[in-house]
Amino acid sequence: ADFCTLVGTYWDGFIVITDPWPEATGIYDPLLQLSCLDSSLAMQPVLKRYQSVILTSGTISPLELYPKILNFQPVLTESFPMSLDRDCFCPLIVSRGADQVQLSSKFELRNDQSVVRNYGSLLIDLVKTVPDGMVCFFTSYAYMEQVVAQWYEMGIMTEVMSHKLIFLETKDVVSTTLALHNFRRACDSGRGAVFFSIARGKVAEGIDFDRHYGRCVVLFGVPFQYTLSRILKARLDFMREHFQIQEGEFLTFDAMRQAAQCVGRIIRSKSDYGIMIFADSRYSRQDKRTKLPPWILKHMQAANMSLSSDVAIGVAKTFLRQMSQPYRVTNASRLDAKAVHALEAKCREMVKSAFLKQHGATTTDAKMEESDKPFTDKAEDNTTATGSAAEGGAAASSERPAKRVKVEEL
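Residues numbered from 1 in each chain as written. Predicted model: local features only at pLDDT ≥ 70, side-chain atom pairs only at ≥ 80, totals over all residues. Heavy atoms only, no water.

Engineer: Go over the overall build of the protein chain, please, and point to the residues and values.
Structural biologist: Per the secondary structure count, the protein chain includes 15 helices and 9 strands. For the protein chain, the proportion of its 410 residues judged to be buried stands at 46%. Summarising the internal contacts of the protein chain: among those between residues at least 6 apart in sequence, 77% fall at separations of at least 24. Total accessible area computed for the protein chain in this model is approximately 20,600 Å², and 54% of it derives from carbon and sulfur atoms. (Helix = DSSP H or I, 4+ residues; strand = E, 2+ residues; numbered from the N terminus. Buried < 20%, exposed > 50% of the residue type's maximum accessible area, 1.4 Å probe, protein only. Contact = heavy atoms within 4.5 Å. Areas by Shrake-Rupley, 256 points an atom, 1.4 Å probe, with all protein chains shown as cover.)

Here it is as structure tokens:
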């Protein structure tokens, strides 16, 4: 009865899907689901309630698809770089094993013993090199189970555990929470540990591995969604029909966003440092690599965009030696009072410029002063004038010019 009520209440932008194999072909687990295809429905109450909205995130780029998917018209774009005291993270793309075998998690190579063995050899070399905690992300539970089972047969897990303890994320919340607790205890005691997790899982979405809990993060494969999922196919058809977004464009955008979400777990403050390893040859391709956030690409050297596993270990050792050296904290990456006032003045000018573009060049000073309300100390004013959004839906206001909003790091 409750399900029928939901179906009767929510119809536009929703679909009822029956899927016998929701996770993987051959695993029969029938699912009846009311699925939302239009993510802009969740944004509409926010856009209708507030005159202006700011969207900001370190993993919000590339930004081209967000206005389409969320169905709004941004008017102001600004990107702020990451402020760091030193180059405290080292992104590496490992595309080949030490024997020059291509590394990839794509479907046709998943049962290739040489690929699994090279992934295992990379992990062994890393646990010998990296101190304290490490995090490894797999593309799915099924792939992690398959790889770990083969690693047991090859003796790789035994060798890894001789250097660090191993903990795994599962679908059970309680067991995953206990595994995280024991992982931190192992790192605190100096024993060191490796945590196996899933991209798009509970850990990847909200658990931080700051300080010594995450000195290295490894992403085994590209975290594409399960392309045979009926829910995903329905959503791709919906976006192609309503937003003119092609399947490949969305899948690549979504996978790179998830990859950035995973590797960003280890950098949570200015004092953190760590190694980010993208272990898949597909990250070397420009169409994939350029979809990563600018704060990662800025620190990715051209020489590190297609490495073999043995060369990557050498680069990792050099980076860790550099990070072990004492350094002096300067104010170069911090704003003093003068810089803060200058930034506020710049923001006011940006707001006034956007306001004039919306309402025309004849805007009075009184209206422009009204637009400066967000920068006053009035607690009752809940609006900001930094990035205005249309009220959503197909009836988005045409008088608001469409410009990108791109706030990547504050």
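From this point on, the discussion continues.
Engineer: Now, about helix α2 (residues 40-49): what can you tell me, with residues and values included?
Structural biologist: Within α2, the full set of buried residues consists of S40, M43, Q44 and L47. Across the axial projection of α2, the buried residues extend over an arc of 120 degrees, all falling on one side. More than 90 degrees from the buried face of α2, the exposed residues found are A42, P45 and R49. On the buried face of α2, the contacting elements are α3 (66-70). (Arc of directions from axis to C-beta.)

Engineer: How would you sum up the side chain of S308? Please name residues and give values.
Structural biologist: Counting through the fold element by element, S308 comes out in strand β9 (residues 307-308). Since its relative accessible area comes to 4%, S308 is described here as buried. Beyond its immediate stretch of four places on either side in the chain, S308 contacts V94, R96, G97 and Q100.

Engineer: Which residues make up the nonpolar core, and what values go with them?
Structural biologist: Nonpolar side chains in soluble globular proteins tend to end up buried together. Grouped together as the largest cluster of nonpolar side chains are 81 residues, with contacts concentrated most on M134, F138, W151, F196, I277 and F278. The greatest single-element share of this core, amounting to 8 residues, is contributed by helix α4 (residues 113-129). Leave out the neighbours within four places in its chain, and I277 touches L92, V94, L122, L126, C216, V217, V218 and L219. By size, the runner-up hydrophobic cluster in this structure holds 22 residues, among which are M43, V53, L70 and I245. (Core = buried A, V, L, I, M, F, W, Y, C linked by side-chain atoms within 4.5 Å.)

Engineer: Please set out the packing of aromatic side chains residue by residue, giving values where relevant.
Structural biologist: Here the structure, examined in full by the defined rule, presents 16 aromatic pairs. Ring geometry for W151 versus F220: centroids 5.9 Å apart, planes at 75 degrees, classification edge-to-face. Taken as a pair, W151 in helix α5 (residues 141-154) and F220 in strand β7 (residues 216-220) lie far apart in primary sequence, 69 residues in all. Residues W151 and F220 agree in their burial class; the two are buried. An aromatic cluster of three or more residues is present, and its members are Y119, F138, Y143, W151, F196 and F220. Looking at R110, its charged tip hangs above the ring of Y143, at a distance of 4.7 Å from the centre. (Phe/Tyr/Trp six-rings, centres within 6.5 Å; stacked < 30°, edge-to-face > 60°. Lys NZ or Arg CZ within 6 Å of the ring centre and 35° of its normal.)

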